Amino acid sequence: MSTRNMKTYVGINNEQNGGMTQSGKIIRDAWVFGLIPETETGEGWRLDRLEVLWGQVNAEWEKYDFQVGRLPDELRERFMRIHGDAMKQARAAGWDPDSEIAADE
């Protein structure tokens, strides 16, 4: 087993940038699709477990052509609530989405 797979995830509540990372997005989308309960933060998970979850999330998104607007009403409303709340919390924790855009340019 590689040492990469032995590393553990800090959990969405302990993430940098208030959880506005790829790992955080995987966890939030898993909540949206009901793959894990919203109380599950992923804290202590080995990275290979997070990769398995990413595959499951990706398979769910594929059903809707990876578009929020194609989600059924219940899932779209859950998506908007979960991601909206996450953005509010991340901003309160100091996350600035504009700085990420500037860094990419």
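These remarks concern the structure in this document.

Calculation notes
Residues numbered from 1 in each chain as written. Predicted model: local features only at pLDDT ≥ 70, side-chain atom pairs only at ≥ 80, totals over all residues. Heavy atoms only, no water. Helix = DSSP H or I, 4+ residues; strand = E, 2+ residues; numbered from the N terminus. Contact = heavy atoms within 4.5 Å. Areas by Shrake-Rupley, 256 points an atom, 1.4 Å probe, with all protein chains shown as cover. Core = buried A, V, L, I, M, F, W, Y, C linked by side-chain atoms within 4.5 Å. Buried < 20%, exposed > 50% of the residue type's maximum accessible area, 1.4 Å probe, protein only. Axes fitted to C-alpha atoms, helices over the stretch in contact; angles between N-to-C directions. Parallel < 35°, antiparallel > 145°, perpendicular 65-115°, else oblique. Left-handed = near helix turned anticlockwise from the far one by under 90°. Phe/Tyr/Trp six-rings, centres within 6.5 Å; stacked < 30°, edge-to-face > 60°.

A few points about the overall build of the protein chain
And then number 1: If you tally the helices and strands in the protein chain, you get five helices and zero strands.
And then number 2: Helices and strands appear in the protein chain in the N-to-C order α-α-α-α-α.
And then number 3: Considering only intrachain contacts with a sequence separation of at least 6, the fraction spanning at least 24 residues in the protein chain is 60%.
And then number 4: Accessible surface, the protein chain as shown: approximately 6800 Å² in total, 49% of it carbon and sulfur.

Examining the nonpolar core
And then number 1: Ranked by internal contacts, the top residues of the largest apolar core, which has 20 residues, are Ile27, Ile36, Leu53 and Leu71.
And then number 2: Breaking this core down by element, the ones donating at least two residues are α2 (22–32), α3 (47–62) and α4 (73–92).

What to know about the packing of α2 against α3
And then number 1: Where α2 meets α3, the closest approach of the two axes is 9 Å, and the angle between their N-to-C directions is 55°. Overall, the two elements α2 and α3 adopt an arrangement that is oblique. By crossing handedness, the relation of α2 to α3 is classed as left-handed. Where α2 abuts α3, its residues Ser23, Lys25, Ile26, Ile27, Asp29 and Ala30 lie against Leu50, Leu53, Trp54, Val57 and Trp61.

Quick look at the packing of aromatic side chains
And then number 1: Enumeration according to the criterion identifies three aromatic pairs in this entry.
And then number 2: Arranged with centres 6.4 Å apart and planes meeting at 5°, the rings of Phe33 and Tyr64 form a pair that is stacked. Placement of the pair is Phe33 in the loop between α2 and α3 and Tyr64 in the loop between α3 and α4, with a sequence separation of 31 residues. Accessibility assignment for this pair places Phe33 and Tyr64 in one class, buried.
And then number 3: With centroids separated by 5.8 Å and ring planes inclined at 85°, the aromatic side chains of Trp61 and Phe79 adopt a geometry described as edge-to-face. Taken as a pair, Trp61 in helix α3 and Phe79 in helix α4 lie far apart in primary sequence, 18 residues in all.

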